[in-house]
Amino acid sequence: MNIVLFGAPGVGKGTQAKFISKKYNIKIISTGNILRNEINKNTILGKNISNVINSGKLINDKLITKIIKKYILKKNIKNRILLDGFPRTINQAYSIDNIGLNITCVLELIAPHNTLIERIIGRRIDLSGKIYHIKNIKKKINNSKNKLIIRTDDNIKTAKKRIKTYLKNQKQIIDFYNKKSINKEIKFYKINCNKTIKEINKNISKILDNLKK
Ligand code: AMP
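Thresholds applied
Residues numbered from 1 in each chain as written. Predicted model: local features only at pLDDT ≥ 70, side-chain atom pairs only at ≥ 80, totals over all residues. Heavy atoms only, no water. Buried < 20%, exposed > 50% of the residue type's maximum accessible area, 1.4 Å probe, protein only. Helix = DSSP H or I, 4+ residues; strand = E, 2+ residues; numbered from the N terminus. Pairing = 2+ DSSP bridges. Contact = heavy atoms within 4.5 Å.

Some points on the pairing of strand β1 (residues 3-7)
With 5 of 5 residues buried, β1 is to be regarded as a mostly interior element. Side chains of β1 alternate between two faces, with I3, L5 and G7 and V4 and F6 buried alike. By the bridge criterion, 3 bridges tie β1 to strand β3 (residues 81-84) in an arrangement that is parallel. Its bridge partner being in β3, V4 is matched across the sheet by L83. One ladder, built from 5 bridges, connects β1 with strand β4 (residues 105-110); its direction is parallel. Residue F6 lies in a different strand from β4, and its bridge partner there is E108.

Brief notes about helix α5 (residues 90-99)
Regarding α5, the residues found buried are I90, Q92, A93, S95, I96 and I99. Contact partners of the buried residues in α5: β1, α4 (61-75), β3 and α8 (156-182). With its phi angle positive at about 95°, G100 sits one or two positions after the end of α5.

Here it is as structure tokens:
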């Protein structure tokens, strides 16, 4: 089973990806994390892309597709994969087929604009990539020895730009997966993410448990 987690910045893809990965033993491929890793390691690629990420724009399709292709080849994984943050454009959606990844299921995570902004602005991450929100930090920080940081692109200006970019590309990708769903090539589900994390976990579990049957 290979899954695409699709949705706007701040909708909770990272949090849900971790839940799915743990419960169903599926490997997460997060393009955002791969790119941030390059920036943190100060590689040539990292240096070239940090401005693009910090301005809320997308890395160009050719480059990101090359990166993901290389990653999959290196890790030698084609099954039990969850794509978090890829595809983000229609060209990227086409390229998944070319890479030879067989997508079983697309989960579109949905939340209102205000919720997205609130989640992005309140997001904190620790060095292991674990995601927190300032609302819940008091309780959880006791369990974390790591320092919490704010992603450089998690500010209001960049957040708005990232959401705008998402909205520009969203329709084409959804149409693409709708067609595939009608042709019974994939399963396509919409998940209301304007709920608590636990409620969203439960709804996703219902879908994935059914798919396994
Ligand atoms: P994320 O962690 O998924 O929010 O991604 C953070 C940033 O990385 C995005 O705002 C983009 O600049 C870049 N990025 C991540 N995934 C992609 C992708 N599939 N295509 C282009 N840029 C991406």
